[in-house]
Every structure is written in C-alpha cells, then in structure tokens.
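So you can see what is in the structure, the chains are spelled out below.
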Amino acid sequence: MTSRVSAAIDAAAADGRGAFIGYLPLGFPDLQTSIDAAVTLAENGVDILELGPPYSDPVMDGTVIQEATQHALAAGFRLRDTFTAVREIAKRVSIPVLVMTYWNPVMQYGVDRYADDLAAAGGAGLITPDITPESAADWIAASERTGLDRVFLAAPTSSDERLQMILANSTGFVYTVSTMGITGERTELDAAARNLVARMREHGQVNACVGIGISNAEQVSGVLEYADGAIVGTALVRALRDGGLAGLAEATRAIAAGTRRN
C-alpha cells in the first residue's frame, strides 16, 4: 500500500518545501477543543498531524506537554477517545493523522484491535517512542495488514546495526531525535541531528524528519537544510494554552514560514 505519510512529504518537496509535522496532545484543554486545534494546524500550514493520547507516565515529554496531558487525564480523557478524535479530525482535514503513543496503552487495548480501530477511524499510523523493531513483531504484522505507517525513533546514540534495523522497519519516515533528552524548546539544536541524518542517508533512508527542540521558523529552516521534515510540539502546545485557537493559528503560520526552501 502507498504510504499517505510519504506522499505528504513528497508533496511538500514538490512544492519546494520541507514537511511540517505538528504535534498536539489529545484532550487538551478538552476533547472537542483538541479536535478543533488539530484542524487549525492543518488549515495553517502543517503537512502531517501528530496527535498524542495523554499517558500517565510520559517519559519523553517536557514540562509543557506533561502539564497538558495531565490536564487532559484529569478532565476524563479515555483511550477510546483517541479513535473518536482521529475520526472527527480525519473527516475535516485531508492531511495524514499519526498517533504518537507509548506502547503500554496499545498492549492493554490489544495490538490488532488498536490497529483495526485506528485504520477504521482514518488514521495513518503510529509513532512509537518506547518500542524498538525487535520488540514490535505484533505491531509490524498488524500495520502490514492494515496499511498503517510505522514510525520508529532513531537517536544520535543508535549504533549502525540498530540504525539499519530501524530504517528497515520504518515506513512513512523515521523520527530523528535531534538531541538526547526530553521534548521541549532549546535555544540551539544539537548538531548531532545533522550527523544522524547523514548516517541514515548512507543506509539509504529517504524520509528523515527531525524532532525535539524545534520551536520556531528559523530552527525549522535550519533543520530542513538536511532533513525532509521538521517536527514541532512544545511551541504549538504553549500557543494553544496561552492563546487558544487564534493564538495556535498565528503560531502555526509563523513556524510554517520556515519550511520554504530557496
């Protein structure tokens, strides 16, 4: 099956841009507003949506995202709401909708059931930050069956052997971690991201999208000098928290300005 995520990255490239992947937590500040916020991203320059169901132990997330997800959980978000949100968003946008989820909720729900329900809702695939390909046989089989994309993470510390395994089992793109540590804005991105993408190119990987620490148009532009896409999360969550949907739209447009290649 053709990857909708790869197609979106290719379409951005054909338009002279790098892909803009925007992250927001589901259920923040409430379920309906999070649905409207995802649509706002799509309407203001985001090429691929990355939506995070809130999780009680978000080991990879920085303070801004942790606070938002804890708010969503306290407000009553349930795992099944993920599929409701994806379904409603997919009806209103034409861009791919990825879910970024820790693995335990998928295991608890049932891998095949999760894949079936996500595909039925119109989702494009999963980003799985805390599971590696050698531990993901059930998910690999389910995604092959349903046509969902599998986005695994590669880090600057990944060995060549592990990098090759990640590239061989990822579809859509590889989530390229810009620096070691949790998500959040940083003044300067780690140069290790550039070296990691170069290593991925040597192994033949086409779509490398860089995330963690990217918060403005200038940083997006810098990343897109060597990568296929830039992933922005914390800056968008903060904009939604502080400025509502209007503030989110303004911030999204401002960051999207950095995707244009000369």
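This write-up is about the structure you can find in this document. The structure displayed is predicted, hence computed values, not measured ones. (Residues numbered from 1 in each chain as written. Predicted model: local features only at pLDDT ≥ 70, side-chain atom pairs only at ≥ 80, totals over all residues. Heavy atoms only, no water.)

## So, the packing of helix H4 (residues 81-92) against helix H6 (residues 111-121)
Going by this rule: To get an axis, a line is fitted to the C-alpha atoms, and for a helix only the part in contact is used. The angle between two axes follows their N-to-C directions and goes from 0 to 180 degrees. Helical segments are the DSSP runs of H or I of at least four residues, strand segments are the runs of E of at least two, and each set is numbered from the N terminus. Roughly parallel covers angles under 35 degrees, roughly antiparallel covers those over 145, roughly perpendicular covers 65 to 115, and oblique covers all other angles. In this description, contact between two residues means that some pair of their heavy atoms is separated by no more than 4.5 Å. Residue polarity is assigned by list, with Asp, Glu, Lys and Arg as charged and Ala, Val, Leu, Ile, Met, Phe, Trp, Tyr, Cys and Pro as nonpolar; anything else, Gly included, falls into the polar class.
Close contact between H4 and H6 brings their axes to 8 Å; oriented N to C, the two are set at 25°. Considering their axes alone, H4 and H6 lie roughly parallel with respect to each other. Residues Thr 82, Phe 83, Val 86, Arg 87 and Ala 90 of H4 touch H6, and the partners they reach there are Tyr 114, Asp 117, Leu 118 and Ala 121. Grouping the amino acids of the contact of H4 with H6 by side-chain chemistry returns 6 nonpolar, 1 polar and 2 charged.

## A short note on the packing of aromatic side chains
Selection rule: The aromatic pairing rule takes the rings of Phe, Tyr and Trp, using the six-membered ring of Trp, and pairs them if the centres are within 6.5 Å, calling planes under 30 degrees apart stacked, those over 60 edge-to-face and the rest tilted. Accessible area is worked out with a 1.4 Å probe on protein chains only. A residue is then buried under 20% of its type maximum, exposed over 50%, and partly exposed in between. Charges are assigned to positions over rings by a cutoff of 6 Å between ring centre and Lys NZ or Arg CZ, combined with an angular limit of 35 degrees from the ring normal.
Enumeration over the complete set of coordinates arrives at 4 aromatic pairs. For the pair Phe 83 and Tyr 114, a centre-to-centre distance of 5.0 Å together with 70° between the ring planes defines the contact as edge-to-face. Of this pair, Phe 83 sits in helix H4 while Tyr 114 sits in helix H6, and the two are 31 residues apart along the sequence. As far as the burial class goes, Phe 83 and Tyr 114 line up, both buried. A ring pair is formed by Trp 103 and Trp 139, whose centres lie 6.5 Å apart and whose planes are at 55°; its orientation type is tilted. Separated by 36 residues along the polypeptide, Trp 103 in helix H5 (residues 103-109) and Trp 139 in helix H7 (residues 137-146) bring together distant segments of the chain. Trp 139 shares its class with Trp 103; the two are buried. A network of ring pairs unites the aromatic residues Phe 83, Tyr 109 and Tyr 114 as a single cluster. The cationic tip of Arg 113 hangs over the ring face of Tyr 109; the distance from NZ or CZ to the ring centre is 3.8 Å.

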